[in-house]
Amino acid sequence: MKSLIAIFLFFTSFTYSQQIKNIVLDKNTGQPLEGVSVYFNETTIGTTTDANGNFILTEKVSTNATLVISFVGYETRLFSFPEIRALKEVLLQEKA
């Protein structure tokens, strides 16, 4: 019985996690931005973009935190979970 419960918990942990994959680009040039901070506000879930501007986050469905995307010299963007899932790319605007 214990092994059945362990197997159930193992498979349900995958069901309740989702990946968020996206790319962060400079709005004016369309160039990818490396080293952009991407994290869920008030959580320990976060990452940075790679050399091609890509990031991947594994997010728990129960997380209601706002996704923050910030980079030095650029305007910070805030997204809800449904918003970021719908975007094909994230464009950051340089600060004036």
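On a predicted model such as this, the values are computed, not experimentally measured, just so you know. (Residues numbered from 1 in each chain as written. Predicted model: local features only at pLDDT ≥ 70, side-chain atom pairs only at ≥ 80, totals over all residues. Heavy atoms only, no water.)

Chemist: How do you make sense of unusual backbone geometry when you look at a structure like this?
Modeler: Only a minority of non-glycine residues have a phi that is not negative, and only a minority of peptide bonds are not trans. Phi is positive for glutamate 42, close to 60 degrees, though the residue is something other than glycine. You can see glutamate 42 is positioned in the loop between strand 2 (37–40) and strand 3 (46–48). (Helix = DSSP H or I, 4+ residues; strand = E, 2+ residues; numbered from the N terminus.)

Chemist: Sorry if this is basic, but what is going on with the environment of isoleucine 84 here?
Modeler: Mapped onto the elements of the fold, isoleucine 84 is located in helix 2 (residues 81–86). Here the alpha-carbon distance between isoleucine 84 and lysine 21, two residues 63 residues apart in the chain, equals 9.1 Å. Those residues in contact with isoleucine 84 that lie beyond four places of it in its chain are Ile20, Asn22, Leu67, Ile69, Phe79 and Val90. (Contact = heavy atoms within 4.5 Å.)

Chemist: Looking at this model, I keep getting lost on the sheet that holds strand 6 (residues 77–79). Mind explaining?
Modeler: Two orientations exist for strands paired in a sheet by backbone hydrogen bonds: parallel and antiparallel. With antiparallel pairing, the 4 strands of this open sheet are ordered in space as 3-2-5-6. One side of each edge strand has no neighbouring strand; the edge strands of this open sheet are strand 3 and strand 6. Neighbouring strand axes in the sheet, compared pairwise and without regard to direction, differ in orientation by 15 degrees on average. (Pairing = 2+ DSSP bridges. Axes fitted to C-alpha atoms, helices over the stretch in contact; angles between N-to-C directions.)

Chemist: Would you take a moment to explain the side chain of threonine 49 for this structure?
Modeler: Here threonine 49 shows up in the loop between strand 3 and strand 4 (54–60). Among the polar contacts listed, one links the side chain of threonine 49 to the backbone oxygen of leucine 33, at a separation of 2.7 Å. (Polar contact = N/O pair within 3.5 Å; in protein donor to acceptor, adjacent residues only side chain to side chain.)

Chemist: Which parts of the structure should I look at to understand the environment of glycine 30?
Modeler: Along the polypeptide, glycine 30 turns up in the loop between strand 1 (17–26) and strand 2. Given a relative accessible area of 40%, glycine 30 falls into the partly exposed group. (Buried < 20%, exposed > 50% of the residue type's maximum accessible area, 1.4 Å probe, protein only.)

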